[in-house]
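Each chain, written out:
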Amino acid sequence: DVCSSDLAMPEDFTIRPAVEADAAAACELVRDCIILLCKADHFGDALTLEGWLANKTVKNFAWWFTAPGSNGFIAERNGEMIGVGAVRDDGEVTLNYVSPSARFQGVSKALLARMEGTAKGKLADRMSLTTTETARRFYHDRGYREEDEEGDLFDGEQSAMIKPFET
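Residues numbered from 1 in each chain as written. Predicted model: local features only at pLDDT ≥ 70, side-chain atom pairs only at ≥ 80, totals over all residues. Heavy atoms only, no water.

On to the side chain of His42. As for its position among the elements, His42 is in helix H2 (residues 39-42). A distance of 3.1 Å separates a polar side-chain atom of His42 from the backbone oxygen of Ile35. (Helix = DSSP H or I, 4+ residues; strand = E, 2+ residues; numbered from the N terminus. Polar contact = N/O pair within 3.5 Å; in protein donor to acceptor, adjacent residues only side chain to side chain.)

Using the criterion set out here, one finds 9 salt bridges in the structure. Here Glu76 ties to Arg16 by a salt bridge, and the two come within 3.1 Å at their closest N and O atoms. With Glu76 in strand E2 (residues 70-77) and Arg16 in strand E1 (residues 14-17), this pair connects stretches of sequence that are 60 residues apart. Overall, Arg16 belongs to the partly exposed group, its relative accessible area being 24%. Close ionic contact of Asp141 with Arg137 constitutes a salt bridge, the shortest N to O distance being 3.8 Å. (Salt bridge = Lys/Arg side-chain N within 4 Å of Asp/Glu carboxyl O. Buried < 20%, exposed > 50% of the residue type's maximum accessible area, 1.4 Å probe, protein only.)

So, on to unusual backbone geometry. Despite not being glycine, Phe43 shows a phi value in the positive range, around 60°. Inspection of the secondary structure puts Phe43 in the loop between H2 and helix H3 (46-53). Although it is not a glycine, Phe104 sits at a positive phi angle of roughly 60°. Inspection of the secondary structure puts Phe104 in the loop between strand E4 (93-98) and helix H5 (107-121). Residue classification places Phe104 among the partly exposed positions, given a relative accessible area of 40%.

In this section: the nonpolar core. Taken as a class, soluble globular proteins show a tendency for nonpolar side chains to be buried jointly. Val107, Met115, Met127 and Tyr139 are the most contacted members of the largest nonpolar core, which totals 24 residues. Within the residue set of this core, elements represented by two or more residues are E2, strand E3 (80-88), E4, H5, strand E5 (126-132) and helix H6 (136-140). The element contributing the most residues to this core is H5, with 6 residues. Residues contacting Met127, with those up to four places away along its chain left out, are Val87, Gly91, Val93, Met115, Glu116, Ala119, Tyr144, Met161, Ile162, Lys163 and Phe165. Counting residues in hydrophobic clusters, the runner-up holds 22 residues, among them Ala18, Val30, Ile74 and Leu95. (Core = buried A, V, L, I, M, F, W, Y, C linked by side-chain atoms within 4.5 Å. Contact = heavy atoms within 4.5 Å.)

This part takes up the packing of helix H1 (residues 23-37) against helix H4 (residues 58-66). Two elements in contact, H1 and H4, have axes whose closest approach is 8 Å; the angle formed by their N-to-C orientations is 110°. Taken together, the axis directions place H1 and H4 in an arrangement best described as roughly perpendicular. The two elements H1 and H4 cross, and the hand of that crossing is right-handed. Counting all contacts with H1, which are made through Ala23, Ala24, Ala26, Cys27 and Val30, the residues of H4 involved are Val58, Phe61, Ala62 and Phe65. For the contact of H1 with H4, the residue count by class is 9 nonpolar, no polar and no charged. (Axes fitted to C-alpha atoms, helices over the stretch in contact; angles between N-to-C directions. Parallel < 35°, antiparallel > 145°, perpendicular 65-115°, else oblique. Left-handed = near helix turned anticlockwise from the far one by under 90°. Nonpolar A, V, L, I, M, F, W, Y, C, P; charged D, E, K, R; others polar.)

So, on to H4. Inspection of H4 places Phe61, Ala62 and Phe65 among the buried residues, and these make up the whole buried set. Buried residues along H4 cover an arc of 100° about the axis, so they all sit on one side. Across H4 from its buried face, at more than 90 degrees, point the exposed residues Lys59 and Trp63. Taken together, the buried residues of H4 touch H1, E2, E3 and E4. (Arc of directions from axis to C-beta.)

As structure tokens, then:
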């Protein structure tokens, strides 16, 4: 699941590969993002949030960062984690979240570009993801298009999106 919303891209942050030791901070950042920034998707409903957050555990983040075929990334500014991204070798984006304090500063855009480059390097032929209503426009603006409507994501709309790589 992906919840992203960024416009500008100042270069006052860096992106590096995620490691297992990043799991706790990444988990906290993603949970905060979902709760605070994705209200158009969960509507503040406790059961919806519980379902969305159920797999957002430190143990799962550690696995997502170290599993074969998964590539995690951390955006940092002055040593503070401000974004988390992950992409599978086949080009499926599984995480792209930005800290509420770093919105509209190009973090998600930079993470996405890094993930696209990684997937191309792994010979993926396209990018794919499932997006929320909150992030739909962000991905449209970067060349992603709906593949098909998949129904509800914890009572909110979700879309499977793809972006083929040009050959």
